[in-house]
Each structure stands twice: as structure tokens, then as C-alpha cells.
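Residue-level listing of the chains:
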Amino acid sequence: MTLDEKIGQLTQIGPHFFLHDLNHELTGPVTELGISEEKIYLTGSILGIGNAREMKKIQEKYLAKSRHKIPLLFMADVVHGYETIFPVPLALSTSWDEDILFDSARVAAIEAQTAGINVTFAPMSDLSRDPRWGRVVEGFGEDPLLNEKFTQAMVRGFQNGDISQEGNLASCVKHFAAYGAAEAGRDYNTVDMSKRILHQHYLPGYKAGVDAGAKLMMTAFNVFDGVPATTNSYLLKDVLRNSWQFKGVVISDYASLKETIKHGTSENGYDAAVQGIQAGLDIEMATALYMQNLRKAVEAGDVDVQLIDEAVLRVLMLKKELGLFENPYKGMDLEKEKTLVLSDNHKMRAKKAADASIVLLKNENSILPLKNQKIALIGPYATSQAMMGPWSWHGKPENSRSIQSVLEEKAKVVYTNSAKNSQEIHAADYDKIKTADVIVLALGEAANHSGEAHSRSVIDLPKNQKSLIETFQKLGKPIVLILFNGRPLKLTDVEPQVDAIIEAFFPGTMAAESIVDILMGRVNPSAKLTMSFPRNEGQIPIYYNHLNTGRPFADAKDAYTSHYLDVENEPLYPFGYGLSYAQFNYQNLKLSKNHLKPNEIIVVSVDIKNDSDVAGFEIVQFYIRDHVAKVSRPVKELKQYQKIWFNPKEEKKVTFDVTINDLTYISNALETVYDTGRFSVFVGTNSISCLEAQFQLEKE
Ligand code: GLC
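Since this is a predicted model, take the numbers as computed values, not measurements.

Moving on, we come to the overall build of the chain. Along its length, the chain carries 20 helices and 26 strands. The C-alpha atoms of the chain give 26 Å as radius of gyration, which agrees with the globular expectation for 700 residues (27 Å, within 12%). If one aligns the C-alpha atoms of the chain with their principal axes, the spans along those axes are about 75 × 70 × 45 Å. By residue count, 62% of the 700 residues in the chain fall in the buried class. Long-range pairs, those at least 24 residues apart, make up 77% of the contacts in the chain between residues at least 6 apart in sequence. Carbon and sulfur atoms make up 49% of the accessible area of the chain, which totals about 25,800 Å².

Listed below in C-alpha cells is the structure:
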């Protein structure tokens, strides 16, 4: 390969460069890229593709001009479904069920493969403690353990063992690293934290992806320690390559290499290109600094050509492992695209995922499930078919039903209105609404109020929707609120005004069917929050695994403690919270012993009874607290959980084995350590309602 051919493999551009006549329709972008048409045909991969026909056309055109017949690699954001859209990842994470996450990725891979896509830019493993950040919708919440588990599940679901097999995608974990810690929750903003906190909370998710065999890692837009992640050799070399032994491909985020100029750490494109290749960045996405500058840099002695050879080898090895040299169209299948995509089987699996990913936040006087009440269904999401949320670019609303259309088959709906505010409800309407026994409001954020570049400083329901709730509250009828949103919302004002709250987030293609099944009790909600819901924005960042501080708030009498004058410290709904139509009671927390040596196990047991006539899942959570260590440790840390089915009136003894692995932490020397001393274990139905017991960790 010539040097230019090698450098081409390290460049990724959009499909439009191949789908349009470069000389006329694309002079702008080609000029913008700053490369000739000839070099366009040296690029190694494509970002995004619409369907099998487009992919086939591009690959044929490209190979016809390729000297070595090295196939193009097609990559895309297939995050929570391709055409059969599953719940957004933040919702999927509330299932606390790795099988659900795995299956979401499986269906997405099978469908995306029919279009010839071979790499997905997913899962997003950016832990976040800030609901103002728009991209919390794409992640798995605030807990490191869940972030690890669900990242692993999705990587395995996408790759399914052998990426050369049809129906399997190479997974690109993103965004390395700590993108979810953007200051003030403002997307693309500065990230600043200690290396210890980075390693303790933020890196485990990405590492779980590497350990699960992810083939690519995408760099983040933000800086870490003042250096952009895309040219950060501490992250890309010290951590990713040397410590984690990652052998896969490192790809930038969209134009993030060129953005190092705006960050002020690169003088110009040449400088950025040199820094990128030296830091270990293999593929540059959406810009062509490598193509424009690396040859010059090699000739000037600023870049050792071996760095380029190593990067190119990783890209070619990925193409080889995908089987593209044998079949450049691997997976692309015009027939399967018609039969596999949006199949009944896929929709059934998406429904199962949605059933498990909808959180019951409130159910006053067990107003839910509805029985044969007359229903007034009101709100923008009452008649909408678009409940898929961000990154559902290939999903289509017409593939979904509305809540109205499904509910009318199962219940007595006496009135429906897609009103967004009270002005849209007229006098005559009230006569009909008054005949209803219950008002069901389907409200929430627009899909584009979360996702990339969509952070919010206020996380309220839209004002007009809040006025709608107030209007109906005056009628004195029970109100059930169904929420569609891509982040935890501030529900402090709304909560007292309604009798039940169903947090649906964005449930995907089968949203309506799942929501109606939960409303009518055919599905018993079991999901639990994976992000805290703050009482107001002033509490943010707010998360359950916080430190105790030297002045923990105990009660109002002691003024000089860590608290606010105007709001309590606790969130409105805590991490791990979610109700069921069943009633689970925990008692008899017991430890097999109260002293543990590092090589021993303590068996923790608890008796849980379903004191109801309704069967359902309970997600039993196990937390620890390390009371004395070399660094201040969180008041709680999730270490294990079990999702357990209970028949009506069934009682089970649930056990957790505590080992030293549950008791370690990252020291200031960035080592995994433990300290002897007093520990607490907590077992409960959420991070606040727990039974507690203590034990002593002793020396060997
Ligand atoms: C975007 C996103 C990233 C996505 C990439 C390609 O800017 O940050 O998550 O995978 O570009 O679409």
C-alpha cells in the first residue's frame, strides 16, 4: 500500500460523497474536506447508510476504483434498535435485566446487518449524574455496576461471539472518556475530575466493554485533565492500550480531532493530525486532517510511519475479522431487509423490553391498574405514534400504534384529545370529560428535548402541560399521568396533583401496547430507576452513592450541617426506586457471620414476601458501605442485585454472597485496595428503603 492508501484507511466520511456527483452536487463538502475526488476513493469507512441498496451501490462503485480491493466498512449509530425500535437505553437500564439489554442489541444487529452495516456506535457507556445533560437518555444512569453490566450485555448482543457471521455487528463503545460528566450538564462542556474518581466511577463501564470484546472505542468530545480525549495519550495509551490491553480500533467522534484546534491544544490541522496519530487515534471521523497532513508529517519526520502502519493494521484486521475481504457485502441482503426488519418476532421482543422498562412512580390508593372505569385520555402523547426518542433515526412512527388506538380496544374511552394546553379544551369538552371516572394524561418532553446537543437548564414539564394538569385537578377526578421523557424530570410540583405516575421514558415501536397493558394490569410494572429524580435543579449533581461529608445532615436542629435552606437533600425519587402492583415486604436480614477474612464469604439472607394477589418481579438490591478507609467512601454502593419472580402470597429467602470483591475501592495510587474495619450491608427495594446489618472485615 502507498502511504496515501494507508492514510485513506484512517479516514471516515459520510455516504453522500459516493451517492452524489462529486463535481457538481458536492463541491461544498468536498472542498470542506479539502481533498480531491481521487482521495475520496481512498477512504476506508463510511459513517451511516440508509439501506441495502445504497450500501451495495457505494461498495460496487468504490471497489471498482480500489487498487487493492480493500472493502469499505459501513458504520452507523444503531443504539436501541434499527427499524424495530426498543426503549431508549436509559429506559432499558430500568429493567435491571441484562437479558433485555442483550436482546435489544441482538434484534438491532440482525436488522442493521440487512443494510450492510457492520459496526454500530453503541453502547454509550457514559455514566452521568446530571439530568440536565441531554445524552443521559442514551446511557445506563448513575451507577458504575449497572453501567458495567449493561455495557457488557449490549456488546455481547451486538457481536454475538463471531462478528464474521451474518446478523452480528462489531460494537464501538463510546465516548471515551467521562463525557457524561460535562460541567453543568451542558453537552460538550469541560470535564474535570480526579483520576481516582475517573477510575472509581467513570471508567468501569468502558472497561466492561473492552473486557466483553468490543472491537472499537470512540473518543469523547471533552477534555480530561485539560487534554482533549481524542488526543489524550493518558486515556488512549496508558489506560486503553497499556493497562486494559485493548487491541481494537480507536475512532474519533464526529470532527473531534479537528475540534482540538477550538479546544486550543492544536495550532492547526497539521498539529492536530500529528497529535492524534501519536496519541493512538486510528480513524478520524468526518474530517480529513490525516489525509491532508500525515504524508507531510512523515516526510518532515514529525510522525514515525510505523504509527500509521500499526493503525492501518488494526483497521484491516477489523475488516478481516468481519469477513469483508471474503464478502464485501457481508450481511447486506435485499430480501432479508424485507422479511427480518420489523418482523412480528422482533416486535414481540421490543414489547417485552418495553414492558420491563416502564417505571411505576406513584399509585395512590391503588388507582392502577384500571378496571372498567370510563377514561378521558388527554395530552400530546395520547394520539401520537412517535414514542421512540433520540437515535431512532431509522425507526418510523407509522410502524407504531397510538395509546388511543390500543386503549380503545381494551377499555371504555369516553373522550380523547391530543391537547398540549388547557386552551385546547373547550367548554363542551368538559361535559364529556366529566362523564369519565378517571383522567389519563399522556405528557412529557418532545423527543428532541434530550439527546446530543439537547441539554436543559430547567428539567420541568413544559409550562403548558403543567397548566393542563392544574386544570384537570380542579375537576376532582383521579388523574393518571403517563410521562415520555429522555431524562429524569423535576416532578415536585406535579407529583401532589396526580394520583398515579407511569414513567415511560421513550418505549419505542411497541410503546402503546406496553403502556396499555400496564394501565390495565395485564403487565405488572417491575422497573426501577437508574438515575435519581431531583426535587429541583439546585440539587444537581445528585446521586445515591454520595460521600457522607464531615457534617452530614441529620436533623434541622443542627444548623451547621450539609443541607439547603429551601429543599431537602434527598431526591424526589431515589436510585433503585419503582413500584409494583404487588406488595413486597422485606424482613429478617441475617448474616452468616459478623467477621470476615479476605478469603472468606459472608452469606447475607433476607425473607421477602409478596403480600398481594398479584404476581410480579421484584428487583432486590444489595448495597455496601465501607465506614472507614484511606479515602472517604460512599454511604452506599450497589454491589449485587437479583430480579426475582414472586407468585401471589409467595415468600422467598433471598441470599447474596459477600466476598472481598464487593469491598474494594480505587486508592489515590489508582490501585484496587481494601481496608479492614466496619462495613454495613443493605438489602432493599430501592437505595433508601433498606434493611441494614454490619460486619467486621479482618486481616488474613
Ligand atoms: C455524534 C455522536 C456520536 C455518534 C457520532 C456518529 O456526534 O457524538 O455518539 O456516534 O457522532 O454519528
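Now that the structure is up, let's keep going.
Moving on, we come to the pairing of strand E13 (residues 412-417). Along a regular strand, successive side chains alternate from one face of the sheet to the other. Bridging between strand E12 (residues 374-378) and E13 involves five bridges; their strand directions are parallel. For Leu377, the partnering residue across the bridge sits in E13 and is Thr416. Handedness of the β-α-β unit built from E12, helix H17 (residues 403-410) and E13 comes out right-handed.

We now examine the packing of helix H7 (residues 98-113) against helix H16 (residues 344-355). Between H7 and H16, whose axes approach to 10 Å, the crossing angle comes to 150°. In terms of orientation, H7 lies roughly antiparallel with respect to H16. Relative to H16, H7 is oriented so that their crossing is left-handed. Residues Ile100, Asp103, Arg106, Val107, Ile110 and Glu111 of H7 lie in contact with H16, whose contacting residues are His346, Arg349, Lys352 and Ala353. Grouping the amino acids of the contact of H7 with H16 by side-chain chemistry returns four nonpolar, one polar and five charged.

Turning next to the packing of aromatic side chains. Summed over the entire model, instances satisfying the criterion amount to 24 aromatic pairs. Here the aromatic rings of Tyr179 and Phe221 are separated by 5.9 Å at their centres, their planes lie at 70°, and the arrangement is edge-to-face. Residue Tyr179 is located in the loop between strand E5 (170-176) and helix H9 (195-211), and its partner Phe221 is located in the loop between strand E6 (216-219) and strand E7 (223-224); the two are separated by 42 residues in the primary sequence. Relative accessible area serves as the criterion here: at 6%, Phe221 is assigned to the buried category. Both rings, one in Tyr544 and one in Tyr623, keep their centres 5.5 Å apart while their planes meet at 70°; by these two values the pair is edge-to-face. You can see Tyr544 sitting in the loop between helix H20 (511-519) and strand E17 (584-591) and its partner Tyr623 sitting in strand E20 (residues 616-626), a full 79 residues away along the chain. For the pair shown, Tyr544 and Tyr623 are each scored as buried. Grouped by ring-pair contacts, the aromatic residues Trp96, Tyr544, Phe575, Tyr623 and Tyr641 constitute a single cluster. For Lys195, the ring lying beneath its charged end belongs to Tyr234, and the centroid distance is 3.9 Å. Over the ring of Phe682 we find Lys636; its NZ or CZ atom is 4.6 Å from the centre of that ring.

Looking now at the sheet that holds strand E16 (residues 500-503). Pairing is mixed across the open sheet formed by six strands, whose spatial order is E11-E16-E15-E14-E12-E13. Whereas interior strands pair on both sides, the edge strands pair on one side only; in this sheet they are strand E11 (359-363) and E13. When strand polarity is set aside, the average angle formed by the axes of neighbouring strands in this sheet is 15°.

Okay, the site of the ligand next. For the ligand, the set of nearby residues contains 13 residues, the closest of which are Asp77, Arg135, Lys174, His175 and Asp253. Measuring from an oxygen atom of the ligand, one finds a side-chain N or O atom of Arg135 at 2.7 Å. For the ligand, the protein covers 92% of the area, taking 310 Å² as the surface of the free molecule. When the residues that make up the shell around the ligand are grouped by side-chain class, the tally is seven nonpolar, one polar and five charged.

Moving on: the pattern of salt bridges. Enumeration according to the criterion identifies 41 salt bridges in this entry. Measuring nitrogen to oxygen at the nearest pair gives 3.1 Å for the salt bridge that ties Asp4 to Arg295. Separated by 291 residues along the polypeptide, Asp4 in helix H1 (residues 3-9) and Arg295 in helix H13 (residues 289-299) bring together distant segments of the chain. In this structure Asp4 comes out as partly exposed when scored by relative accessible area, which is 22%.

Sheet strands associate in pairs through backbone hydrogen bonding, adopting either a parallel or an antiparallel arrangement. What the eight strands build is an open sheet, ordered E9-E6-E5-E4-E3-E2-E1-E10; its pairing is parallel. Each having just a single partner strand, strand E9 (249-251) and strand E10 (284-285) make up the two edges of the open sheet. By the bridge criterion, three bridges tie strand E2 (residues 45-47) to strand E3 (residues 73-76) in an arrangement that is parallel. Opposite Ile46, over in E3, you have Phe74 as the bridge partner. Across the sheet, helix H14 (residues 305-321) is in contact with E3, strand E4 (119-120), E5, E6 and E9; its angle to E9 comes to roughly 110°.

This part covers the nonpolar core. Side chains of a nonpolar character, in soluble globular proteins, are inclined to be buried together. Ranked by size, the top nonpolar core spans 200 residues in total, and within it Phe176, Ile378, Ile403 and Leu519 carry the most contacts. Leaving out residues up to four positions away in the same chain, Phe176 has contacts with Leu203, Tyr206, Met217, Met218, Thr219, Ala220, Ala229, Leu235, Leu236, Val239, Leu240 and Trp244.

Moving on, we get to the environment of His199. Looking at the element boundaries, His199 is found in helix H9. As a C-alpha pair, His199 and Gly180 span 19 residues in sequence and 14 Å in three-dimensional space. Once residues within four sequence positions are removed from consideration, His199 is found in contact with Pro204, Tyr234, Val239, Ile666 and Leu670.

Contact geometry for H9 and helix H10 (residues 233-243): axes closest at 12 Å, N-to-C directions at 60°. Our classification of the angle between H9 and H10 gives oblique. Of the two elements, H9 crosses H10, and the hand of that crossing is right-handed. Seen from H9, the contacting residues are Lys195, Leu198, His199, Leu203 and Val210; seen from H10, they are Tyr234, Leu235, Val239 and Leu240. The residue makeup of the contact of H9 with H10, split by class, is seven nonpolar, one polar and one charged.

With 16 residues, H7 ought to run about 22 Å at 1.5 Å a step, and its terminal C-alpha atoms sit 22 Å apart, in line with that. Summarising burial for H7: 13 of the 16 residues are buried, a large majority. Residue Asp97 occupies the N-cap position of H7, its side-chain oxygen lying 2.8 Å from the main-chain nitrogen of Asp99.

Conventions and cut-offs
Residues numbered from 1 in each chain as written. Predicted model: local features only at pLDDT ≥ 70, side-chain atom pairs only at ≥ 80, totals over all residues. Heavy atoms only, no water. Helix = DSSP H or I, 4+ residues; strand = E, 2+ residues; numbered from the N terminus. Rg over C-alpha atoms; globule rule 2.2 N^0.38 Å. Buried < 20%, exposed > 50% of the residue type's maximum accessible area, 1.4 Å probe, protein only. Contact = heavy atoms within 4.5 Å. Areas by Shrake-Rupley, 256 points an atom, 1.4 Å probe, with all protein chains shown as cover. Pairing = 2+ DSSP bridges. Right-handed = clockwise from strand over helix to strand, strands pointing away. Axes fitted to C-alpha atoms, helices over the stretch in contact; angles between N-to-C directions. Parallel < 35°, antiparallel > 145°, perpendicular 65-115°, else oblique. Left-handed = near helix turned anticlockwise from the far one by under 90°. Nonpolar A, V, L, I, M, F, W, Y, C, P; charged D, E, K, R; others polar. Phe/Tyr/Trp six-rings, centres within 6.5 Å; stacked < 30°, edge-to-face > 60°. Lys NZ or Arg CZ within 6 Å of the ring centre and 35° of its normal. Near = heavy atom within 4 Å. Polar contact = N/O pair within 3.5 Å; in protein donor to acceptor, adjacent residues only side chain to side chain. Salt bridge = Lys/Arg side-chain N within 4 Å of Asp/Glu carboxyl O. Core = buried A, V, L, I, M, F, W, Y, C linked by side-chain atoms within 4.5 Å. Expected span 1.5 Å × (residues − 1).

Read these as geometric descriptors, not functional statements.
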